[in-house]
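# What the coordinates show
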Amino acid sequence: MFPPIQDIYRIAPELVACLFGMLIMVADPFVPRERKGAMGRLGLAGALGALVAVELMSRHAGAAMNGLLVVDSFSVFLHMIIYGAASLVVLASYDYLERENLQQGEFYALLFFATCGMGIMASATELMTVFVGLEISSIASYILACYRRAALKSHESAMKYFLLGSFATAFFLYGVAMVYGATGTTSLVAIRAAAAHATDHHMLLTLGFGMLFVGMAFKIAAAPFQVWTPDVYEGAPTPVTALLASGPKAAAFAVLLRIVFTAFGDASSTWFWIVWISAALTMVVGNFAAVAQSNVKRMLAYSSIAHAGYLLVAVAAAGAAGEESAAGIAAVLFYLVAYALMKVGAFTIVSHLGGSGEQRLEIDDYAGLSTRQPTTAACLALYLLSLLGLPLTAGFLGKVYIFQAALDAKLIWLVVIMAVTTVVGAFYYLRVIWVMYFREAQQDWTPAPVAPGVAAVMFLTAAGILALFFFPGPLMTFAAHSALSLR
Amino acid sequence: MANEGYLLSVVTFLPLLGSLGLLALRGDDHTWIRRLALATALANFVLSLLLLHGFAAGTPGYQLEELRPWIHWPPINYHLGVDGLSLWLVILTTFLTPIAILCSWESIGHRVKEFFLMLLVLETGMIGVFLSLDLILFFVFWEVMLVPMYFLIGIWGHERRIYAAIKFVLYTMAGSVLMLVAILWLFGLSGASVPGGTFDLPTIQVLLQNGKLQLPHTTELLLFGAFFLAFAIKVPLFPLHTWLPDAHVEAPTAGSVILAGVLLKMGTYGLLRFCLPLFPAASKELAPWVAVLAMIGIVYGALVSMVQPDLKKLIAYSSVSHLGFVVLGIFSFHPVAIQGAIYQMLNHGISTGALFLIAGMLYDRRHTHLIKEFGGLATPMPALSAFFLFVCLSSLGLPMLNGFVGEFLILLGTYQVNKLWATFGALGVILAAVYLLWAYQRVAFGEVTVEKNRVLPDCSPRERLILWPLCVMILWMGIGSPVFLSRTETASQQVIEQMKRPQMPALAGTRGAVPQLRDAPAGAESATAVQQGAGPK
């Protein structure tokens, strides 16, 4: 049976992404080698097409595919982040693929498939659909992590990601089975209803939730399931790292939020402490480990872990606030946008500065960058200051919203831990800035001129970060609205 | 509240505009970069003098206010206003910035454009801090200031500049993050009396004063602690002062001038603007401890100054001592002492700024700050030595000069509250005379001890241009103090006034407030807090 036209609209972004993915794969062999640039343009067209499709999707709110997916303002918000980040990554990777002499077509195709999986995760209201989305995005990401075939590190990255990722997905699946065993359903709304009656299966349900959380915590790089992050982020091709740091994290947070607030919304006592402990651990581990890094990609990877911790603080705040959970969820959503902009921007610059074969990845390699490429240095400084949470950047308001949600929920200790670890963050973010600005430039190496795609990403992300500070109103209203649609 | 013109916004953002103008200039066009920066700073100084014209002395509360909505939720407003407390600090900022630019005219040789850009951005941040009446806006300016200062120390500083820059930022951030948490907490608490809560300082102040918003005792202590820590680091109060000597010594002269002249004042300004009026009970309860720290700071700073072989470090530690004096005055809660503290903040900005300038001029000639490298400088450079002596005398509080007025007022007020405190304060004054005069003697008097110094040139016209205005101000503030004090008087009484809380909750405020008080979970606690807060000394 063919689904009704409304349902087609509701999965339009995924359809566009898949279609372009397949189109690129089919077209790739027929394009002569010297004209592979066309693949990049096709990829960009696909990414922008998907963004248009998100707009189309947003006009058709409602459940789709017999209740497997739903289009509400929450899923539209997440789609915006995921497809926005993917478009930026497409822009940034064109120059990278040229330089590294890598296959262009497959890269964009895989990127689209991964994004499509994340999109499904963002809309899914049913655990098996989540799992399907998770697998689609994971398998494509495993291959992407390995895309630099010649580099040993890339292999290591992909292998680790694959093995540990499969483990985590298995946990997730096991969790689905347990929840199904306890409640007899995999639909999130139905789980909530069933959990209210199934008091004799309480243990099984809690265990099931624990397993689901492990699966998601792996994807968002929350402690104690964060161990893979630095190795995978370091080894993967940098544009892929940019994607991994933004897209899957947003999608996994979408799933986590849906699970905890839709399925387990009445049982916040079950999961509150799990999230609390994980948040505290994640912030401490991420920030303190980042201090010791000398490799930029590893440093940013640990900073990703730290930010997952900040986001979990907001989740815990939303959980503790009971009926008033919207503020916490809105804080998560706002921060996810800010975070995606900062991370995609930062990794794009790292990819640009890495040079051929990604040889320049040490923080010391950036010495004197402010005199060589002042704009690049200024942009990177902006991203880092935003990650640190200084005013005039989106990161500041993001932190304010999280602090505020946590204070309203009276999570004083989490706030204190977050405040202290933020100061620790100052140390490693500022170190990069000091190397760029206070050190003399190295004589033996000059970074390549900035490619147009990279410049576009730099401009868009930097403008976004500043704009979100000065005019956060529309996005915050949207986020607050989306947060309400979760229940 | 109506918007009363745009003067405050103009004064705040003109330097930023100037820095954008600098961006348009070519990087190697040093002459025009310097000229544009100086023109901007001077224009801003003239504009800030218009504040004096618009400011009605003797009127309590904020003037020339501007209130515009900025962020809808949480409700963050763009709210500026000036009162007697901030008026002179703003003018001090606009006065010192052109001087800082002039003193960097030749000594900054590389990355000239960035340097002046940072200096102007810093000026916007500093003025914004003094004028903001919205807590988040205040915090934004407070943090924004960090970045240019970090670069100023880190790029144009001396040998250990990176260490000093990082230390400066880490210390300040450690304090300010907790302050942010406290601001948000206060916002949450204000939600009980204003729908949705407010970050607006005057509104919160009114709510606290008429008893519609009551802080439970423990909460007030914690909030006070968070704010106090941020300000105490900035002041800096012993034992949080260790960033200061490093930052001062490593910073370029302009950085030291701004740091000592304005940035340290932000700590004491914050104490007067936020800690005392918002959290009077906690302030009074902890005042003895703060005073002990301040007294340790006064004596310790002075003693360490005395034995410093490095001139710049000596001046830096003297700041610890002088600012301890200001904090002592503030925490005596006596209007006269607070009046003196405000005055002393201005004095310290001018005198210590001038001392750093002179140290910088010596450094430009000899590339060292070590006192033993100098000696007998009065012979080759009589004019500079004369300036130096004049500034030293001002800093140690010679009658007729500015330092005396502030110190006298602080001692006068403090003496009436606690004789021991006043004793320690007086000790600081005596020790200041010791270390400053001794340092001056070793630098300027006697025979020329190092041959190189014989041929050092005396003040250049540019250096005279820098020092004369400062010396005029020193003298004017010494003999013409009513001009300044008449405008700060109301503000210092206002601080005391704002610290009052209604004695009985039922008598305070309107009837509508009473049920809210009963609903407050910690009602009993807050009642005791109020009694303690408003009890007679």
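Here is what the cut-offs are and how they apply
- Residues numbered from 1 in each chain as written.
- Chains lettered and ligands numbered in written order.
- Predicted model: local features only at pLDDT ≥ 70, side-chain atom pairs only at ≥ 80, totals over all residues.
- Heavy atoms only, no water.
- Helix = DSSP H or I, 4+ residues; strand = E, 2+ residues; numbered from the N terminus.
- Rg over C-alpha atoms; globule rule 2.2 N^0.38 Å.
- Buried < 20%, exposed > 50% of the residue type's maximum accessible area, 1.4 Å probe, protein only.
- Contact = heavy atoms within 4.5 Å.
- Salt bridge = Lys/Arg side-chain N within 4 Å of Asp/Glu carboxyl O.
- Buried area = accessible area lost by both parts, 1.4 Å probe.
- Polar contact = N/O pair within 3.5 Å; in protein donor to acceptor, adjacent residues only side chain to side chain.
- Nonpolar A, V, L, I, M, F, W, Y, C, P; charged D, E, K, R; others polar.
- Expected span 1.5 Å × (residues − 1).
- Arc of directions from axis to C-beta.
- Patch = residues over 30% accessible without salt bridge, like charges linked within 9 Å, V, L, I, M, F, W, Y side chains within 5 Å.
- Areas by Shrake-Rupley, 256 points an atom, 1.4 Å probe, with all protein chains shown as cover.
- pLDDT = per-residue confidence, 0-100.
- Phe/Tyr/Trp six-rings, centres within 6.5 Å; stacked < 30°, edge-to-face > 60°.

## A closer look at the overall build of chain B
The number of helices and strands found in chain B is 21 helices and 2 strands. Relative to a compact globule of 537 residues, whose C-alpha radius of gyration would be 24 Å, chain B shows 23 Å and is just as compact. Principal-axis analysis of the C-alpha atoms places the extent of chain B at approximately 80 × 55 × 40 Å. With 537 residues in all, chain B has 64% of them scored as buried.

## Examining the environment of G478(B)
Residues and elements named next belong to chain B. In this structure, G478 sits in helix α18 (residues 461-479). Take G478: its relative accessible area is 14%, and that puts it in the buried class. Residues G478 and N347 lie 131 residues apart in sequence; the distance between their C-alpha atoms is 9.4 Å. G478 has contacts with M400, L401, N402 and V405, leaving out every residue within four places of it along the chain.

## Digging into the pattern of salt bridges
Residue and element names in this part refer to chain A. Under the counting rule described, the total for this entry stands at 23 salt bridges over all chains. Across the pair E100 and R99 runs a salt bridge, and its minimum N-O distance is 3.7 Å. We classify E100 as buried; its relative accessible area is 15%. R99 sits in the partly exposed class, given a relative accessible area of 26%. Among the salt bridges present, the one from R439 reaches D364, with a minimum N-O distance of 3.5 Å. Separated by 75 residues along the polypeptide, R439 in the loop between α18 (412-438) and α19 (452-470) and D364 in the loop between α14 (326-354) and α15 (369-372) bring together distant segments of the chain. Each member of the salt-bridge network shares a partner with another, and the members are K153, E156, K160, D231, E234 and R298.

## Describing the interface of chain B and chain A
Across the boundary between the two partners, chain B contributes 31 residues, which contact 30 residues of chain A. Summing the contributions of chain B and of chain A, the shared interface buries around 2,900 Å²; its carbon and sulfur component is 84%. Seen at the junction of chain B and chain A, the total is 0 salt bridges. Here chain B and chain A share 5 residue pairs in polar contact (both at pLDDT 80 or more) between them. If one sorts the elements of the side of chain B that touches chain A by residue count, helix α7 (residues 161-190) of chain B sits on top with 16 residues. Its residues assigned to classes, the side of chain B that touches chain A shows 26 nonpolar, 2 polar and 3 charged.

## Comments concerning α19(A)
Every α-helix carries 3.6 residues per turn, so stepping three or four residues along brings you back to the same face. Residue and element names in this part refer to chain A. The end-to-end C-alpha distance of α19 is 27 Å, a good match for the 27 Å that 19 residues give at a rise of 1.5 Å each. Among the residues of α19, those classed as buried are G453, V454, V457, M458, T461, A462, G464, I465, L468 and F469. In a view along the axis of α19, the buried residues occupy a sector of 155°, so they form one face of it. Turned more than 90 degrees from where α19 packs its buried face, P452 and F459 sit exposed.

## Thoughts on a nonpolar patch on the surface
Residue and element names in this part refer to chain A. On the surface, M159, F162, L163 and L164 cluster together into a nonpolar patch covering about 370 Å² of accessible area. Relative to the assigned elements, M159 resides in helix α7 (residues 152-183). The class of M159 is partly exposed, set by a relative accessible area of 47%.

## Observations concerning the confidence of the model for chain B
The predicted coordinates of low-pLDDT regions are not to be read in fine detail. All names here are of chain B. Mean pLDDT over chain B: 84, with 93% of residues reaching 70 or higher. Confidence drops under a pLDDT of 50 for residues 505-537, and excluding neighbours within four residues, the segment shows 36 contacts in the predicted structure. Both scores are available for the predicted complex, with the pTM at 0.89 and the ipTM at 0.87.

## Re the packing of aromatic side chains
Residue and element names in this part refer to chain A. Scanning the model with the defined rule gives 54 aromatic pairs over all chains in all. Consider the rings of F396 and F469, whose centres lie 6.0 Å apart with planes at 55°: the pair is tilted. Here F396, found in helix α17 (residues 394-408), pairs with F469, found in helix α19; they are 73 residues apart in sequence, far enough to count as distant. The class for F396 is buried, based on a relative accessible area of 1%.

## Considerations on the environment of G215(A)
All names here are of chain A. Inspection of the secondary structure assignment puts G215 in helix α9 (residues 202-220). Given a relative accessible area of 2%, G215 falls into the buried group. Separated by 43 residues in the primary sequence, G215 and F172 place their C-alpha atoms 4.7 Å from one another. In this structure G215 touches A168 and F172, once residues within four positions along its chain are discounted.

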